[in-house]
Amino acid sequence: MWWNASAGNKESSQASGAYVFRPNGTSPFNLNPRQVPTVTGTIGPMLSTVTQVWNKWARQTFRLYRNAAYLEVEATIGPIDISDDMGKEVIARYITDLDTKNIWYSDSEGQEFVERKTNYRPYPYNISEPVAMNYVPMNFAAYIRDVAKGDQITLVSDRTRGCASLKNGEFENMLHRRLLHDDKKGVGEPLNESNIVRTTQRIIFDPIVNASRRYRSEMASLNQPPVLLFANAGSVSKYIRENVVTFSAMDAKLPENVDLLTFKMLNTGQVLLRLQNIFAVGEDEELSKSVSLDLNSLFPALQIEQVTEVSLSANQPIQEMHRLKWKVAESKSESKEPKEFQTILDVDVKNAKVTLSAQQIRTFVIRYSVV
C-alpha cells in the first residue's frame, strides 16, 4: 500500500518531505487497482517461498526456512512510479485478529521497548494528523500483543524505519518514499528517490512469555550478520588440505544474554572491548537477571596484561566520571547522592570478573599478549 504525500497546497499547507511525513488523507492506496497480485511459489526441503508481484515496481517475497522460528519478508520497491504526479510513501501493513487495545511497542536504539498508544498524548491534544502523529521510529524491532490470549507478533527489521498501529490489531511500517515537493525544512529539494530499495523483515509468532528470547536473538542475527570473505582457492580440496579453514578466537559461547558489541584494536596497541546484557528489566524471567563472566576466559589465545574500565565512549577512565545531581519535581532540594559506578579499575588481571545487569553496557581498554 502507499500513502499519497501531501503537496503543501490548500488541502494541507505542510508538504511531506525529507524531515516531515505528512500523508494527504487517512486511507492509503493499493499498489494494484485490482488489489490482487501475481503470485508464484516454490516448495523445497530447506526453503519454501511465495512471491507477490503487485506492479512493475513493487514485489514481496515470503521465505520460510526449515527449522526457522520466523517468516522472512523481503520487499523490493522502486523506482516508484510518479507519472501520475503523486508522491508516494510505500508501506507494508499487517492485519491480525489480536486484540491489542490500540497499544504497540517499538524499540529505542535496540535497547528497551517503549509502549505506544494510538492517538494518545499525555496532554490535551487536537488530533489533526491521525496518521502522522502515530508514526514513531523503529530501529530494530516492534511488536503487538494480545494479553488475554498471551500471543505476540514481533517484526524485526534490517534498518531503521517509521512504524505505527492505526487500528486495533494492525501494524504497518514504511518501506520506501518518493516525493515531489520540498518540506521547507532545510534540504531545499524534494525527496525524489529514484533508486530501488530491497529491505528484509522477520515476523515472529510467539507466546508473550517466550517472545523476548526469540526477538532479541533475531535482532542481533539480522543486523549483525557474518562478514563473508572470498579468495581464489583453485582446487577446494587442496586448499582445505594446505590451510587452516576453521578458526574461532573464542572456545566457548558467551552467555545467552551477553553480546560482544566491540572488539577493536586501538593505535596504542590496546583493545577496546564492550560487553552488554541485551535483556531489559523484567523482559525475561531468567535472562533479565545479572550475569557474570571472566574476561580472562573470553579469548584463550590472548592473555590479559592490563585492564581498565572506561566510559561508554571510551574517552575517560570510569573513576573520573560522576553522575549529575538533579532536582526533582517533588522536592526543592537536590536528589539523593546518585549511585556511583561499580568498576574493576586496573584490577588484578587474574580475577577480571565482570557483572552485567539488565541492559548494562560496560567498556574496557585491555592490553593483551599472545599466549
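What counts as what
Residues numbered from 1 in each chain as written. Predicted model: local features only at pLDDT ≥ 70, side-chain atom pairs only at ≥ 80, totals over all residues. Heavy atoms only, no water. Helix = DSSP H or I, 4+ residues; strand = E, 2+ residues; numbered from the N terminus. Buried < 20%, exposed > 50% of the residue type's maximum accessible area, 1.4 Å probe, protein only. Contact = heavy atoms within 4.5 Å. Areas by Shrake-Rupley, 256 points an atom, 1.4 Å probe, with all protein chains shown as cover. Lys, Arg positive; Asp, Glu negative; His and termini not counted. Charge placed at Lys NZ, Arg CZ, Asp CG, Glu CD. Pairing = 2+ DSSP bridges. Phe/Tyr/Trp six-rings, centres within 6.5 Å; stacked < 30°, edge-to-face > 60°. Lys NZ or Arg CZ within 6 Å of the ring centre and 35° of its normal. Salt bridge = Lys/Arg side-chain N within 4 Å of Asp/Glu carboxyl O. Axes fitted to C-alpha atoms, helices over the stretch in contact; angles between N-to-C directions. Polar contact = N/O pair within 3.5 Å; in protein donor to acceptor, adjacent residues only side chain to side chain. Expected span 1.5 Å × (residues − 1). Patch = residues over 30% accessible without salt bridge, like charges linked within 9 Å, V, L, I, M, F, W, Y side chains within 5 Å.

**Details of the overall build of the protein chain**
Then step 1. Helix and strand content of the protein chain: 2 helices and 20 strands.
Then step 2. Residues classed as buried in the protein chain amount to 41% of the 371 residues present.
Then step 3. Contacts spanning at least 24 positions in sequence make up 63% of the contacts within the protein chain whose residues lie at least 6 apart.
Then step 4. When the accessible surface of the protein chain is split by element, carbon and sulfur atoms take 52% of a total near 21,900 Å².
Then step 5. Of the charged side chains in the protein chain, 43 are positive and 43 negative; the average position of the first set lies 2 Å away from that of the second.

**As for the pairing of strand 6 (residues 88-95)**
Then step 1. Of all the 8 residues making up strand 6, 6 are buried; the element is thus mostly covered by neighbouring parts of the structure.
Then step 2. Across 3 bridges, strand 1 (residues 2-4) lies against strand 6 in antiparallel orientation. Bridge assignment links Trp3 to a residue of strand 6, and that residue is Glu89.

**Focus: the environment of Asn232**
Then step 1. Assignment of secondary structure puts Asn232 in the loop between helix 1 (208-223) and helix 2 (236-242).
Then step 2. Accessibility expressed as a relative area gives 78% for Asn232, which makes it exposed.

**Focus: the packing of aromatic side chains**
Then step 1. Using the criterion set out here, one finds 11 aromatic pairs in the structure.
Then step 2. Between the aromatic rings of Phe263 and Phe299, the centroid separation amounts to 4.8 Å while the plane-to-plane angle is 50°, which identifies the pairing as tilted. Of this pair, Phe263 sits in strand 15 (residues 258-265) while Phe299 sits in the loop between strand 17 (291-294) and strand 18 (302-310), and the two are 36 residues apart along the sequence.
Then step 3. Following the ring pairs from residue to residue traces out a cluster consisting of Tyr105, Phe113, Tyr143 and Tyr215.
Then step 4. Lying across the ring of Trp2, Lys88 places its NZ or CZ 4.8 Å from the centre.
Then step 5. The ring of Tyr125 carries Arg121 above its face, with NZ or CZ at 5.2 Å from the centroid.

**Observations regarding the pattern of salt bridges**
Then step 1. Evaluation of the coordinates by the stated rule reveals 19 salt bridges.
Then step 2. Between Arg202 and Glu218 there is a salt bridge; the shortest N-O distance is 2.7 Å. Linking Arg202 in strand 14 (residues 197-207) with Glu218 in helix 1, this pair joins segments that are 16 residues apart in sequence.
Then step 3. With relative accessibility at 9%, the residue Arg202 sits in the buried group.
Then step 4. When the shortest N-O distance is used, the salt bridge between Arg216 and Glu283 registers 3.1 Å. Of this pair, Arg216 sits in helix 1 while Glu283 sits in the loop between strand 16 (271-277) and strand 17, and the two are 67 residues apart along the sequence. Pair check on accessibility: Arg216 and Glu283 agree, each one buried.

**Structural notes on the sheet that holds strand 9 (residues 136-138)**
Then step 1. Read from one edge to the other, the open sheet built from 5 strands follows the order 1-6-13-12-9, with strand pairing classed as antiparallel. On the outer flanks of this sheet lie strand 1 and strand 9, each paired with one strand and no other. Recorded for the sheet is a direction-independent mean angle of 40° between the axes of neighbouring strands.
Then step 2. By the bridge criterion, 2 bridges tie strand 12 (residues 161-164) to strand 13 (residues 170-178) in an arrangement that is antiparallel. Note on strand 13: the bridge partner recorded for Cys163 is Asn173.

**Things to note about the side chain of Gln270**
Then step 1. Positionally, Gln270 belongs in the loop between strand 15 and strand 16.
Then step 2. Gln270 gets classed as buried once you look at its relative accessible area, which sits at 15%.
Then step 3. Within the structure, the side chain of Gln270 is placed 2.9 Å from the side chain of Thr268, a separation counted as a polar contact.

**Topic: the side chain of Ser369**
Then step 1. Checked against the element boundaries, Ser369 lands in strand 20 (residues 361-370).
Then step 2. Here Glu305 takes part through its side chain, which lies 3.3 Å from a polar atom of the side chain of Ser369.
Then step 3. With residues up to four places along the chain from it excluded, the contact list for Ser369 reads Ala301, Leu302, Gln303 and Glu305.

**Some details on helix 1**
The periodicity of an α-helix, 3.6 residues per turn, causes residues three or four places apart in sequence to face the same way.
Then step 1. For helix 1, which comprises 16 residues, the first-to-last C-alpha distance of 23 Å matches the rise-based estimate of 22 Å (1.5 Å per residue) to within 8%.
Then step 2. Of the positions making up helix 1, those classed as buried are Ala211, Ser212, Tyr215, Arg216, Glu218, Met219 and Leu222.
Then step 3. In the core, the buried residues of helix 1 are packed alongside strand 8 (113-117), strand 10 (141-146), strand 11 (151-157) and strand 14.

**Describing a nonpolar patch on the surface**
Then step 1. A grouping of Val236, Tyr239, Ile240 and Val245 is seen on the molecular surface, where their side chains present a nonpolar patch of about 360 Å² in accessible area.
Then step 2. Relative to the assigned elements, Val245 resides in the loop between helix 2 and strand 15.
Then step 3. By relative accessible area, Val245 is classed as partly exposed at 47%.

Keep in mind these values describe shape, not function.
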